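Observations on the three-dimensional arrangement
Chain by chain, the residues run as shown.
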Amino acid sequence: MATTDRQASTLALAHALSAAERGLAVIPLSRTKLPALRSPHRDEPAPRTGRSTPCHGECGRFGHGVHDASTDPARIRSLFAAAPGATGYGIACGLPPHHLIGVDLDTKTGTDSSAALRELALRHLFTIPATVTVLTPSGGRHLWLSGPPDVVVPNSASRLAPGIDIRGVGGYLVGPGSRTDHGTYTTAPGTARLSPAACPPTLLRLLLPPPRAHHPAPPSTGGHGQGLVQFVLAAHEGQRNTRLFWAACRAYEDGIGPALVDPLTDAARTTGLSEREARATIASAARMTGHHP
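Residues numbered from 1 in each chain as written. Predicted model: local features only at pLDDT ≥ 70, side-chain atom pairs only at ≥ 80, totals over all residues. Heavy atoms only, no water.

Re empty space enclosed by the protein
Applying the stated rule across the entire model yields 4 cavities of 30 Å³ or more. If you add up the space inside the largest cavity, you get close to 80 Å³. Lining the largest cavity, in full, are Gly 94, His 99, Leu 100, Ile 101, Pro 148, Pro 149, Val 151, Val 153, Gly 168, Val 169 and Thr 242. Residues that form the lining of the largest cavity fall into these classes: 7 nonpolar, 4 polar and no charged. (1 Å grid on protein atoms, 1.4 Å probe; cavity = no way out; pocket = protein on both sides within 12 Å on 5 of 7 lines; lining within 4 Å. Points joined across faces, edges and corners; volume = space filled by probe spheres on them. Nonpolar A, V, L, I, M, F, W, Y, C, P; charged D, E, K, R; others polar.)

This is the structure:
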């Protein structure tokens, strides 16, 4: 018997709640794999002057895509109640405790993305670990990997190799059990009870963008330094480490890292991080950009 949209929505909610029990933050998705809730700001006029700051849920309403993601069962039920047409769910990447990185091995490009990943592993001498693997309706696969808490992995499409897309901070993966226009996402046999495996360090380095060219700057950090500090101060829970790491990377790449260590640490403490956490994240950014903290 065919599954109705109402049954599909009920099943999607059940799968989403199960994922949340594993520490995975989720949002409802439509059959098109897009967030099921429309932005509450879609009809608001654009500001006439100045630059607008996108709302990431600070307004308190639903409809901010991956920024709505939660592990709280009550909030998840409210999200699905507001999206009765949802037939699937998305899993936000980059959030604690797993700091999920999704390796999307696509089949639509006509290339063998699985073979491309194996070739990368052989060339760069890393092993692809056994991990949660989700089978897509088109014949592709999603590999779930766990990243370090102080490293920001960006989203990318075919940058690593043709047909290999990466879901990092700000991205999401379609969760197993989701129903779409093209079929149902399922967990590969033998992987459902696994935890996301740690991303091999060599692969992690390949996923990060190359450091920008170093341009020495005068001792004064100027407006750019203040802008990075303000960027950290604007972080809310769930973004604090990632914003601090990003700002520290930019500071070191622009030659003002040492001068901004204390201001960035103070800003991070204002958002709720401890001094130890903040300095560890800044030190990691220094190492990642080829500097000594």
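A word on the sheet that holds strand S1 (residues 26-29)
Reading across the sheet, the 3 strands line up as S1-S2-S8 and stay open at both edges, with antiparallel pairing between neighbours. A single partner strand is all that each edge strand has here, and the edge strands are S1 and strand S8 (172-174). The sheet shows a mean angle of 35 degrees between the axes of neighbouring strands, direction not considered. Strand direction decides the pairing type here: S1 and strand S2 (residues 88-92), joined by 4 bridges, are antiparallel. Its bridge partner lying in S2, Ile 27 is registered against Gly 90. Along the sheet, helix H1 (residues 5-21) contacts S1 and S2; its crossing angle with S2, the most-contacted strand, is approximately 20 degrees. Along the sheet face, helix H2 (residues 73-82) touches S1 and S2 and points at about 15 degrees away from the line of S1. (Pairing = 2+ DSSP bridges. Helix = DSSP H or I, 4+ residues; strand = E, 2+ residues; numbered from the N terminus. Axes fitted to C-alpha atoms, helices over the stretch in contact; angles between N-to-C directions. Contact = heavy atoms within 4.5 Å.)

Remarks on the confidence of the model for the protein chain
Across the protein chain, the average pLDDT comes to 87, with 90% of residues at 70 or higher. Of the regions scoring below 50 in pLDDT, residues 213-220 engages in 12 contacts with residues more than four places distant in sequence or in other chains. (pLDDT = per-residue confidence, 0-100.)

Quick notes on the layout of surface pockets
Space inside the largest pocket adds up to approximately 1200 Å³. If you go around the largest pocket, you meet 49 residues; those closest to its centre are Leu 95, Val 169, Gly 238, Gln 239 and Thr 242. In terms of residue count, helix H6 (residues 240-253) provides more of the lining of the largest pocket than any other element does, 9 residues in total. The calculated volume of the second largest pocket comes to roughly 340 Å³. For the lining of the second largest pocket, the secondary-structure elements that each account for two or more residues are strand S3 (100-105), strand S7 (164-167) and S8. For the lining of the second largest pocket, the per-class residue count stands at 6 nonpolar, 7 polar and 6 charged.

Regarding the environment of His 98
On the secondary structure map, His 98 appears in the loop between S2 and S3. Taking C-alpha positions, His 98 is 8.5 Å from Pro 148, a pair spaced 50 residues apart along the chain. Setting aside anything within four residues of it in sequence, one finds His 98 in contact with Arg 22, Gly 23, Leu 24, Ser 146, Gly 147 and Pro 196. A polar side-chain atom of His 98 sits 2.7 Å from the main-chain carbonyl oxygen of Arg 22. (Polar contact = N/O pair within 3.5 Å; in protein donor to acceptor, adjacent residues only side chain to side chain.)

Quick look at the side chain of Thr 136
Its location among the elements puts Thr 136 in the loop between strand S4 (133-135) and strand S5 (141-146). In this structure, Thr 136 is in contact with Arg 141, His 142 and Tyr 185, ignoring residues within four places of it in sequence.

Considerations on the side chain of Thr 191
Positionally, Thr 191 belongs in the loop between strand S11 (186-187) and strand S12 (197-198). Residue Thr 191 is classed as buried on the basis of its relative accessible area, which comes to 10%. Within polar-contact distance, the side chain of Thr 191 engages the backbone oxygen of Ala 188 at 2.9 Å. Ignoring anything within four residues of it in the chain, the contact list for Thr 191 reads Thr 131, Val 132 and Thr 133. (Buried < 20%, exposed > 50% of the residue type's maximum accessible area, 1.4 Å probe, protein only.)

Quick notes on the nonpolar core
If you look at the biggest cluster of nonpolar residues, it comprises 31 residues, and the most contacted ones within it are Val 26, Ile 76, Phe 80, Tyr 89, Ile 91, Leu 100 and Trp 144. Listing elements by their share of this core, those giving two or more residues are H1, S1, H2, S2 and S8. Not counting the four nearest positions on each side in its chain, Val 26 is found in contact with Ala 16, Ala 19, Asp 68, Ala 69, Ser 70, Ile 76, Leu 79, Tyr 89, Gly 90 and Ile 91. (Core = buried A, V, L, I, M, F, W, Y, C linked by side-chain atoms within 4.5 Å.)

Focus on the packing of aromatic side chains
Under the definition given, this model contains 1 aromatic pair. Each ring, one from Phe 231 and one from Trp 246, has its centre 4.9 Å from the other, and the planes form 50 degrees; the classification is tilted. Taken as a pair, Phe 231 in helix H5 (residues 222-233) and Trp 246 in helix H6 lie far apart in primary sequence, 15 residues in all. Overall, the relative accessible area of 27% leaves Phe 231 in the partly exposed class. The positively charged end of Arg 243 is found above the aromatic ring belonging to Phe 231, 4.2 Å away from the centroid. Across the ring face of Trp 246, the terminal group of Arg 250 is positioned such that the distance to the ring centre comes to 5.0 Å. (Phe/Tyr/Trp six-rings, centres within 6.5 Å; stacked < 30°, edge-to-face > 60°. Lys NZ or Arg CZ within 6 Å of the ring centre and 35° of its normal.)

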